[in-house]
Amino acid sequence: MSEKQETETIPPKDPSKLTFESAFTRRRILASYWLVILLAVPLWWSYTSISRLSLPESRIQALAGKQWHSDIRVHVKSNVKAHPVDAVVSDVARLLKEDLKESEGVSIQFVTDSKSSADTYEVTLNTNVERASLRGRKLTIGMLPDDDAESIESSRLRLASVLRHLLVPPPPAERSNSPQRVVKYSPRYRVSFTLLNEDSASGKAAYTWDMQQAFGAHLGPTIDRLSPLHNFTVESQVQFHAPLAFSPKAVEHEGKIVHGLTHEDLTVFVNSAEWTLSSAVSNDPVLHFVAFIPSKEHDPLYILDDEGHPTTSNAFILPQWGGIIILNQHQPHLNMFALRPIFQTFKTQLLTLLGVADLPPAGIQLDNNEPFSQWQFDALMRRRTMENVEESRDTLLSIVKLVNQIQNMPVGKDVKGDVLGALNALEHAFEVGSSSPMKAFKYSAKAFILSSKAFFNPGNLGMLYFPAEHKYAVYTPLFASIAAPLVAAVVREFLAWKKARREGLAERPKTD
Amino acid sequence: MRWRLAIITYIALWLTSALAAYEEFHELLTFRPLSDGKLAARFTFTTSLNGTHPRDPSNLADEDQSQHYTVFPLALGQVLREYAVTELHLNLNAGKWDYDHWGYPDEPGVGTGAELWAWMGESATRSVDERWKGLRNALSGQFCASLGSLDDQRTTSPELTFRPEGSLPSSGGAHRLRHGTLPSEHVCTENLTPFLKLLPCKSLSGIASLLNPHRLFDTDWHGLSVHVRYLENEGIEVRLSFQSVFDPVRYTGGRRAWSLQSVFDRVIDRSCPVARSSEIRVAIPKEENNAQITPDFHNSDGEHAIFDVLNASKPLDVAMNWVNESAFDYNTVLSGVPLTHISVRRTLKGSSQSRGRLAVSITNNMPITIQTSYLESMPWLLQFYLHTLQVHSNGVSRDDLVSIVSCIPSVPHARPTLFQAILTLPPKSTLDISMDVIKPFLRYTEHPPDAQRGWDLPPAVLVPLLPANATVLTDHPELSLSEHKMDGFGYPIRSPRRMYTPVLLVDLATPDFSMPYNVIIMSCTLIALIFGMVFNLLTRKFTLVRVSSEP
């Protein structure tokens, strides 16, 4: 009874009069909640976003339009009256200009001073038509001494053609209709020599070979000569059982049964499942050179022409893979003498695979015993430089395109570093391009290595496994349940504020 | 004068080339009838590269010399030189070697699963661990085995048990051992194919032509191994070996008789042309004199009948028959005494997923005291409580019989335990060792795809050492513990008699793998509840509602 009286006497406190119950405090609390959320958003963003460093796109795009070209300086000296230097130069320059395409990236300049730089080519014209010779960067070529228009024309045409073949050999793909035989550039190749017995237990086999000596005698100088362009790791092995995956066709030749390989057989000749030729320890491309000894059952083995007749050639090149030579006559031990023709063939195959162009067909001789001439080496280096420049530029452009296309693709520090390194090297290559071919080559090789390293960086695949859907699936249980009261409170406060304002407006005229 | 000089130069050249590239290949197949009617066969293919040294690890930064081989496998040579490995042993086995009935194996590495150990010289340019990692991955690719997972969590350096079997070059830095086991790795045809490719005659001629995968993997025990060692003054030797235990009683329906045809389903049609020697040796049973070996063997060393495959008439089908035996009597097996000096059993007790007890019981079968080294190289999946170690000999507590040599405790998620001890075994008695172990919790991502199966634990390795009182040996030469055996080519096999216990399977606490999502939902709900309550309290508007009081 007394309690009831007390409650009646003391009126209950109006909660709206409490300090923390004022609309202002409540709105401040609400605002601080939202403030925390807004401040947390950048933090959340930085923790969940994929690191995508910016790439120097504009610099890469600027390179895209640039045409690579290198300058070749040629100095002509003439000992033939019918061919004064000026006339020859203007004629040959015109002929070369007609023949050379812009895409070959070479411009040939004829200079009058031979001492301008070390890599100026010197052409001496003399009357010895029979023989043209190369020594270093010097070419001595014979011109017809007659001064009738026809022989002058033919001599100069010949000179122009020889110069074109020596300075800018047409890419091998144009010369034969085979696919691209030359291997892609790599700073290091493994050169692997294999003496492959199809079946040594059948009694017809070579068990040992003087490979190291033969290599040193026949291929060593070539490898040394190419060392500014590539490094080589040389290895050799002998296999005693290397069955073919198919059975060679038996054909009759000169009254005897022989076995033959058709062109289709040559493409599937390498039985990679049974022959252990591949290397396990490095990713360097391997050039295989195989001396294949057919078993007693398949002996002798010849390569067949299109009509099915055995040809005299016993060697063939598998594009970008290596060379194979078939040995029908041999002893159990292949000595230096027996290996001579084999390694001569391997040498030709190696040069073809590495892209050393042949000498022009005009009967040119090398003066000293070099494996190939300085002119060929320079032409190869120019071609490799251009290929590397184009390849690395394309790779850089692809990286940029890919990064723009795939929004989830991370771009890490190492990728950016490699791209920048490649780009710098590429720009340097363009700078020194015409003045120093060797430097340009070194830069282009560096750009090529770095750009492929950036392109194949495993970090590029990093976060692709966390698609946006997964993130939302993880976030919604928390975010939805928290966002609901927050949004509801804002709406409620907004409505309350509007109501209070309307009431305030309605009350005001009354008081007036 | 000139031609004389030319001849001398020529001879000198010929001599140097002959000395420099002196490679040899030997093949050997050994058969040993076992006491329980089974037949142990071991193929050994030895290639020696004479006059060479392993790559000096201190020149790893420089360009390596070119590799030119004739019968030596190039694929293996590349790996060895790339990582400058001095000694390498790889074993891939399946099955449990029954020491009691089969005796000591011809190749000591018979632990179930994969085992890889290598001795490598230290180098300033590339550390041993870096090269060990590269070696693992290279061999993993070479032999199609998951050796890449022999990572730091399974790598130890138990130098007491795994001594070098060859010699270590004195030049260069100190040599380090790396050892790892992967008991869950299973050997199968995909490992045999690359193994055969390392042989000069593949499986097409010679003794290797008997390696028929259909039969080799249909045996009670089989394993392949690769051993590379360096022998001072000789060169590098690669020994490829395949060992298996056939059951001829099963093939023939009750009899022990066997032949190459019945065991391998193949005979030797032609010999390998590059093999310097090619032999089949059949152990002649000592106590039974009714065993008959056909065809007539070429040679005998008293214990073995030796067939020279190179000169034998082909096809060669070696056969062994027990005259007057119509069915093999298994009763003799049951009553037989163990063939090894000691017998080991190792078990993991306790049913809980958090703790257990590791018990090892070692029986000395000899009438003399034997010492043995004991190695546990345990992944951190099982952690030892070393203070609970109890030692009983025939039921009596004897802590003095165990002396701990080294114990490197495990680090969860990083490093295995290495426990090495020397045990003293009293004559004709059993030593029981036991200690408490705990089973840790694994991270969610550390569980294998078949998590409920449990984890295979590597075998413990015991090496019986010379008895404490060596004078006993003079009276009992058959008790000799260290083998001084020649492998047929005059090379001593310095392999100690390692004994591997069977592997254990441990059951670790396995989560429900939908757990992470449940945890996310659960914690989100809790956070939302707490947040909602606090938020509501803070922003709720309390108003006074006047209720008109009825009289």
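These numbers come from a predicted model, not from an experiment. (Residues numbered from 1 in each chain as written. Chains lettered and ligands numbered in written order. Predicted model: local features only at pLDDT ≥ 70, side-chain atom pairs only at ≥ 80, totals over all residues. Heavy atoms only, no water.)

## A look at the environment of Cys201(B)
Its place among the elements puts Cys201(B) in the loop between helix H5 (189-197) and helix H6 (213-216). Each C-alpha atom, one on Cys201(B) and one on Ser271(B), is 9.2 Å from the other, the two residues being 70 residues apart in sequence. When residues no more than four places from it in sequence are discounted, the contact partners of Cys201(B) are His241(A), Cys272(B), Pro273(B) and Val274(B). (Helix = DSSP H or I, 4+ residues; strand = E, 2+ residues; numbered from the N terminus. Contact = heavy atoms within 4.5 Å.)

## Notes on the interface of chain B and chain A
At the junction of the two partners, chain B supplies 39 residues and chain A supplies 48 residues. For the pair chain B and chain A, the summed buried area comes to about 3800 Å², and 62% of that belongs to carbon and sulfur atoms. The tally of links between chain B and chain A comes to two salt bridges. Close ionic contact of Asp199(A) with Arg270(B) constitutes a salt bridge, the shortest N to O distance being 2.8 Å. Contributions of two or more residues to the side of chain B that touches chain A are made by strand S3 (67-68), helix H2 (74-82) and helix H11 (515-539) of chain B. Per-element tally for the side of chain B that touches chain A: the top contributor is H11(B), with eleven residues. Across the side of chain B that touches chain A, the residue classes tally to 21 nonpolar, eleven polar and seven charged. Where strand S8 (residues 231-239) of chain A and S3(B) come together, two bridges link them in parallel fashion. (Buried area = accessible area lost by both parts, 1.4 Å probe. Salt bridge = Lys/Arg side-chain N within 4 Å of Asp/Glu carboxyl O. Nonpolar A, V, L, I, M, F, W, Y, C, P; charged D, E, K, R; others polar. Pairing = 2+ DSSP bridges.)

## Quick look at helix H2 (residues 23-48) of chain A
All names here are of chain A. Relative to the 38 Å expected for 26 residues at 1.5 Å per residue, H2 spans 37 Å between its end C-alpha atoms, a close match to the ideal helical length. For H2, the principal kink sits at Val-41 and spans about 30 degrees; a proline, Pro-42, occurs within the next four residues. Turning to H2, its buried residues number three or more, namely Thr-25, Arg-26, Ile-29, Leu-30 and Tyr-33. (Expected span 1.5 Å × (residues − 1). Bend = angle between axes of the 7 residues up to and from the residue. Buried < 20%, exposed > 50% of the residue type's maximum accessible area, 1.4 Å probe, protein only.)

## Focus: the packing of helix H5 (residues 149-167) of chain A against helix H10 (residues 374-405) of chain A
All names here are of chain A. At a minimum axis separation of 8 Å, H5 and H10 run at an interaxial angle of 60 degrees. Taken together, the axes of H5 and H10 lie oblique to each other. When H5 is examined against H10, the residues Leu-163, Leu-166 and Leu-167 are found in contact with a partner set consisting of Trp-375, Ala-379 and Arg-382. (Axes fitted to C-alpha atoms, helices over the stretch in contact; angles between N-to-C directions. Parallel < 35°, antiparallel > 145°, perpendicular 65-115°, else oblique.)

## Here's the deal with unusual backbone geometry
Peptide bonds are mostly trans, and most non-glycine residues show a negative phi. Residue and element names in this part refer to chain B. Between Thr-294 and Pro-295 the backbone carries a cis peptide bond, its omega angle lying at -15 degrees. In this structure, Pro-295 sits in the loop between strand S12 (291-294) and strand S13 (299-300). The omega angle of the peptide bond from Lys-314 to Pro-315 is -10 degrees, so this bond is cis rather than trans. Phi is positive for Asp-265, close to 65 degrees, though the residue is something other than glycine.

## With respect to the domain arrangement of chain B
All names here are of chain B. According to the domain assignment, chain B consists of domain 1 (19-333) and domain 2 (342-506). Using C-alpha coordinates to define each centre, domain 1 is positioned 25 Å away from domain 2. Each partner contributes residues to the interface: domain 1 has 38 residues there, and domain 2 has 39 residues. Of the roughly 3300 Å² buried where domain 1 meets domain 2, counting both sides, 58% is carbon and sulfur surface. Contact with domain 2 buries area across many residues of domain 1, yet Tyr-104, Gln-153 and Thr-161 alone supply 19% of it, more than any other trio. (Domains from an automatic or database assignment.)

## What about the packing of aromatic side chains?
Using the criterion set out here, one finds 41 aromatic pairs over all chains in the structure. Aromatic pair Tyr207(A) and Phe240(A): ring centres 6.3 Å apart, planes at 25 degrees, arrangement stacked. With Tyr207(A) in the loop between strand S6 (188-197) and strand S7 (208-209) and Phe240(A) in the loop between S8 and strand S9 (249-253), this pair connects stretches of sequence that are 33 residues apart. With a relative accessible area of 1%, Phe240(A) lands in the buried category. Positioned above the aromatic ring of Trp322(B), the side-chain terminus of Arg256(B) is 4.4 Å from the ring centre. (Phe/Tyr/Trp six-rings, centres within 6.5 Å; stacked < 30°, edge-to-face > 60°. Lys NZ or Arg CZ within 6 Å of the ring centre and 35° of its normal.)

## Looking at the confidence of the model for chain A
In this model, chain A carries a mean pLDDT of 84, and residues with pLDDT of at least 70 account for 92%. Looking across chain A, the model is least confident in helix H1 (residues 2-9) of chain A, with a mean pLDDT of 52, and most confident in strand S11 (residues 286-293) of chain A, with 94. (pLDDT = per-residue confidence, 0-100.)

## Concerning helix H11 (residues 413-432) of chain A
With 20 residues, H11(A) should cover 28 Å at 1.5 Å per step; its first-to-last C-alpha distance of 28 Å lies within 8% of that length. Listed in full, the buried residues belonging to H11(A) are Val415(A), Asp418(A), Val419(A), Gly421(A), Ala422(A), Leu423(A), Ala425(A), Leu426(A), Ala429(A), Phe430(A) and Val432(A).

## Description of the pairing of S11(A)
All names here are of chain A. The buried count for S11 comes to eight of eight residues, which makes it a mostly enclosed element. Judged by which residues are buried, S11 turns out to be covered on both faces: Val-286, His-288, Val-290 and Phe-292 on one side and Leu-287, Phe-289, Ala-291 and Ile-293 on the other are all buried. Looking at chain direction, S6 and S11 are connected through eight bridges and run parallel. Pairing of Asn-197 across the sheet is with Ile-293, part of S11. Where S11 meets strand S14 (residues 322-326), five bridges bridge the pair, whose relative direction is parallel. Looking at S14, one finds that Val-290 is bridged to Ile-324.

## Points about the UniProt feature "transmembrane region" (unreviewed entry) in chain A
All names here are of chain A. Using the residue numbers shown here, the UniProt feature "transmembrane region" (unreviewed entry) corresponds to residues 29-47 and 472-491. Annotated as residues 29-47, this span is 100% helix and 0% strand, and its ends, taken at the C-alpha atoms, are 27 Å apart. Overall, residues 472-491 shows 100% helix and 0% strand. The separation of its end C-alpha atoms is 25 Å. (UniProt positions renumbered as here; feature names shortened; annotations may be inferred.)

## Concerning the state of the cysteines
Residues and elements named next belong to chain B. Under the counting rule described, the total for this entry stands at one disulfide over all chains. Covalently, Cys-201 is tied to Cys-272 through a disulfide, its sulfur atoms 1.9 Å apart. Because the sign of the S-S torsion sets the handedness, a value of about 65 degrees for the bond joining Cys-201 and Cys-272 places this disulfide among the right-handed ones. Of this pair, Cys-201 sits in the loop between H5 and H6 while Cys-272 sits in the loop between helix H8 (260-264) and strand S11 (277-283), and the two are 71 residues apart along the sequence. With respect to burial, Cys-201 and Cys-272 carry one shared label: buried. In this structure Cys-188 is a free cysteine whose sulfur lies 11 Å from that of Cys-144, the closest cysteine sulfur available. A relative accessible area of 30% places Cys-188 in the partly exposed class. (Disulfide = S-S within 2.5 Å.)

## Observations concerning the pattern of salt bridges
Taken as a whole and assessed by the stated rule, the structure comprises 40 salt bridges over all chains. Among the ionic pairs, Arg188(A) bridges to Glu63(B), the shortest N-O distance being 2.8 Å. Taken together, the residues span two chains, with Arg188(A) in strand S6 and Glu63(B) in the loop between strand S2 (39-50) and S3. Exposure remark for Glu63(B): the relative accessible area of 52% places this residue in the exposed category. Here Glu376(B) and Arg346(B) are joined by a salt bridge, their closest N and O atoms 2.7 Å apart.

## Here's the deal with the environment of Leu166(A)
Residues and elements named next belong to chain A. Among the structural elements, Leu-166 can be located in helix H5. Separated by 90 residues in sequence, Leu-166 and Lys-256 have C-alpha atoms that sit 45 Å apart. When residues no more than four places from it in sequence are discounted, the contact partners of Leu-166 are Leu-134, Leu-139, Leu-359, Pro-360, Ile-364, Trp-375 and Ala-379.

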